[in-house]
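# Structural overview for review
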Amino acid sequence: MAAISCVDLCKYYQQGDAVIKGLDHVSLEIEQGSFVCLSGPSGSGKTTLLNAIGGLDKLDSGKISIDGERVDQLGKAALADLRLHSIGFVFQAYNLIPVLSARENVEFVMQVQGVSASERKQRAFRILAEVGLQGMEDRRPAQLSGGQQQRVAVARAIVSQPKLVLADEPTANLDSASLEKLMARFRELNKLHRITFLIATHDERVMSWAERRIGMEDGRVIHDALQAPV
Amino acid sequence: MRASIGLSFRLAWRNIWRQKRRTWLTALAMIFSNMLLVFMIALQLGSYDMMIENSLRIFSGQMQIQHEGYHESQKMRLAVDDISLLAAEIRTQFPAAKVAARAFAFALVSSEGRSFAMQIAGVEPEQEAGISTLPGLLESGRYLAGSDAAEMVIGSIAARNLGVATGDELTFLGTGKDGSFAAAVVTVVGVFDSGATELDRGLAEIPLAYFQDVFSMGGSGHVVAVSVPDLRRVPAMLKSLQGVAGSKNSLLVLDWDVLMPGLKQAIQADMTSAWFMYAVLIVLVAFSVLNTQLMSVLERTREFGVIMALGIMPRQLALLVLLETFLMALLGLLLGVLLGGLVASYFSHAGFAYPGMEELTDKFNLPSVMYPKVSLVSLLMGPVVVFVFCLLAAIYPSLKLYSLRPVAAMRAV
């Protein structure tokens, strides 16, 4: 069974008299454990598609299923539950909680999931070390650089090992070494735990890690091909 | 938020200090209003105690032993036998208490040219000063001296109405306990001015033994008035007196609440009007909290959008906003109670007076300073109401979170 199934997704935005096509009859299937990149210029619909799959945005029409469950038919509470337990998000902006330290930001979701304090702490320290933030656990976002904040956001998304990670430009503020390290970690999680990754990016270096590349333009899929990853 | 309270508290506490100046301004509004409420309520309760004490001190006493039904009907035949002996027994059993026996009758009191209906009270002159302030409120003459002398003290308005002064004679005419004709001629030995119109116009006192003789009372009377040094000891004393009264037939012990229902009503009316004023203060503070929390929610729209995207329900975010308000209101409550308590405690020892108060209180033989009453009620009643209203004020900003949609919220600036 496909991890993600999208059938004829449409999402339009009204901007004055003009209608912007966020998603224009998009259909695609992504297998469980895939490592997929969404590419395309700004406004091509990558973020809209990620938001729709994650249940953050309502569609005008179409069907989305994750592991056979119709996301587009779920209520608010069920959607929140799905996002909490099954999906990890990495946003274009880092979107960390400014009053919490790096560790507390990573622990936050686990806390709501009901993970015990000691385990939360242990897992947060480990994942922050893995993304290269050892020794910076108690720093607040304002005390971290843009790249470091993005790594905290990535750590927050993957610390609970969700079934699906939706990442929107996760490496936008990372240097090459950090990018390689992060993508290697994504790939490792993908291989070891069969976590499905759907990554929207402009970056060719990120795309080279993907085993499938989906190109978008004007809300439509214009290219969808398998490739040999790095 | 579901599993650990610790991180939620930390998050809420840090959130409220994001805008230090705004939080302090809101907290200061709470602290100031709480401080003011604590002091005002303590002063109000202190003044009520003073008002009760002084109202009861004028004549009625804090408690009275009466025959069943006398309080309602004031019938002469509903008398307490051997009333002086009963008063003496209570005096012996409770040395700290002030005790005075009294008898009452209505009579037509006449001077040379005028007549008025008045209440005649037979009192024990040597005991009366312990219960009543009337002996100390004489504007002319002296108080009653002998227990069976044909003398009388009357109120200043009655003296004016009857056209008499100290040394003049009055005749009174009434009905004795046995239905016989009761009449006597007495000399006015003193005129009192209590400031209480009802007493000054309608009450005359004569010695109890003389009263018993004129009104054919034998050794009986109608009331044993009892007072203790501290109003807070009244309930305990009431129980003790009930023990004493219970051993006699058909006697009741009544406290000031029953004896002077108007006093309690006056206090309740004053309290109600004061609370209207307090309500304005409380509503202003609540609006200040509403403004702060609304601003706080609006400027964090983007952050709330992200948190919702991570799988947190609006309900949990609303609880976070309520928790933030709870902590801010708790800060206001603790500091307000502390400062208000200190101010009230200081004045409860030093006394509180305002310009012009002395003249007013002198006229009514009242103390010239008021003493705020510091108690759990005065410390907490106002601040707890402020606290509750602050929490209520945070409901609207919290409810706004229910209408947030993650994507739209994350796009907010």
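Residues numbered from 1 in each chain as written. Chains lettered and ligands numbered in written order. Predicted model: local features only at pLDDT ≥ 70, side-chain atom pairs only at ≥ 80, totals over all residues. Heavy atoms only, no water.

### Let's talk about the interface of chain A and chain B
How big an interface is tends to be reported as the loss of accessible area on association of its parts. Put simply, the test is: Here, two residues are considered to be in contact whenever any of their heavy atoms come within 4.5 Å of each other. The term buried area refers to how much accessible surface (probe radius 1.4 Å) is lost by two components on association, counted for both of them together. Just to be clear on terms, a salt bridge is a Lys or Arg side-chain nitrogen sitting within 4 Å of an Asp or Glu carboxyl oxygen. Polar contact is the term for a pair of N or O atoms within 3.5 Å; when the atoms are in protein, one must be able to donate a hydrogen and the other to accept it, and sequence-neighboring residues count only if both atoms are side-chain atoms. Each helix corresponds to a stretch of at least 4 residues labelled H or I by DSSP, and each strand to a stretch of at least 2 residues labelled E; elements are numbered beginning at the N terminus.
Each partner contributes to the interface: chain A provides 28 residues, whereas chain B provides 28 residues. Taken together, both faces of the contact between chain A and chain B bury some 2600 Å²; the carbon and sulfur share is 62%. Counting the contacts that link chain A with chain B gives 2 salt bridges. E104(A) is the partner of R10(B) in a salt bridge, and the nearest nitrogen-oxygen pair spans 2.6 Å. Where chain A touches chain B, the interface holds 7 residue pairs in polar contact (both at pLDDT 80 or more). Elements that contribute at least two residues to the side of chain A that touches chain B include exactly α2 (76-86) and α3 (102-113) of chain A.

### Describing the packing of helix α5 (residues 146-158) of chain A against helix α6 (residues 176-193) of chain A
Residue and element names in this part refer to chain A. Rule in force here: Helix axes are fitted to C-alpha atoms over the stretch in contact, other axes to C-alpha atoms as well, and angles between N-to-C directions run from 0 to 180 degrees. An angle below 35 degrees is read as roughly parallel, one above 145 as roughly antiparallel, one from 65 to 115 as roughly perpendicular, and any other as oblique.
Packing of α5 against α6 leaves a shortest axis separation of 12 Å and a crossing angle of 5°. Here α5 is positioned roughly parallel relative to α6, judged by the angle of their axes. Only S178, L182, R185, F186 and L189 of α6 make contact with α5, whose side of the interface consists of R151, V154 and I158.

### Looking at the domain arrangement of chain B
Stated precisely, the cut-off is as follows: As annotated, the domain borders come from an automatic or database domain assignment.
Taken domain by domain, chain B consists of domain 1 (5-55 + 263-411) and domain 2 (63-227). Placing the centre of domain 1 of chain B and that of domain 2 of chain B at their C-alpha centroids yields a distance of 52 Å.

### Remarks on the environment of L231(B)
Residue and element names in this part refer to chain B. Rules: Burial classes follow relative accessibility: with a 1.4 Å probe on protein chains only, a residue under 20% of its type's maximum area counts as buried, one over 50% as exposed, and anything between as partly exposed.
Along the chain, L231 turns up in the loop between β9 (223-227) and α9 (234-246). For L231, a relative accessible area of 14% corresponds to the buried category. With 217 residues separating them in the primary sequence, L231 and R14 have C-alpha atoms 48 Å apart. Setting aside its immediate chain neighbours within four residues, L231 contacts D49, I52, E53, L56, Q62 and W256.

### A word on helix α12 (residues 301-309) of chain B
Residue and element names in this part refer to chain B. In terms of burial, α12 is a largely internal element, 8 of the 9 residues being buried. T301, E303, F304, G305, V306, I307, M308 and A309 are the residues of α12 that are buried. Note on α12: the residue one or two positions beyond its end, G311, has a positive phi of about 110°.

### Remarks on the pattern of salt bridges
For the coordinates displayed, the defined rule picks out 26 salt bridges over all chains. With its nearest N and O atoms 2.5 Å apart, the salt bridge here joins R14(B) to E104(A). Pair noted here: R14(B) is in helix α1 (residues 5-16) and E104(A) is in helix α3, and the two residues belong to different chains. Ionic pairing is found between E119(A) and R123(A), a salt bridge with its closest N-O pair at 2.8 Å. With E119(A) and R123(A) both in helix α4 (residues 117-130), this residue pair falls 4 residues apart, about one helical turn. Look at E119(A) and you get partly exposed, because its relative accessible area is 36%. Counted as one network, the salt bridges with shared partners bring together R103(A), E107(A), R120(A) and D138(A).

### A few points about α3(A)
Residue and element names in this part refer to chain A. Counted residue by residue, α3 has 11 buried out of 12 residues, so it is predominantly covered. Along α3, the positions that sit buried rather than exposed are A102, R103, E104, N105, V106, E107, F108, V109, M110, Q111 and V112. Looking one or two places after α3, you find G114, whose phi comes out positive at around 95°.

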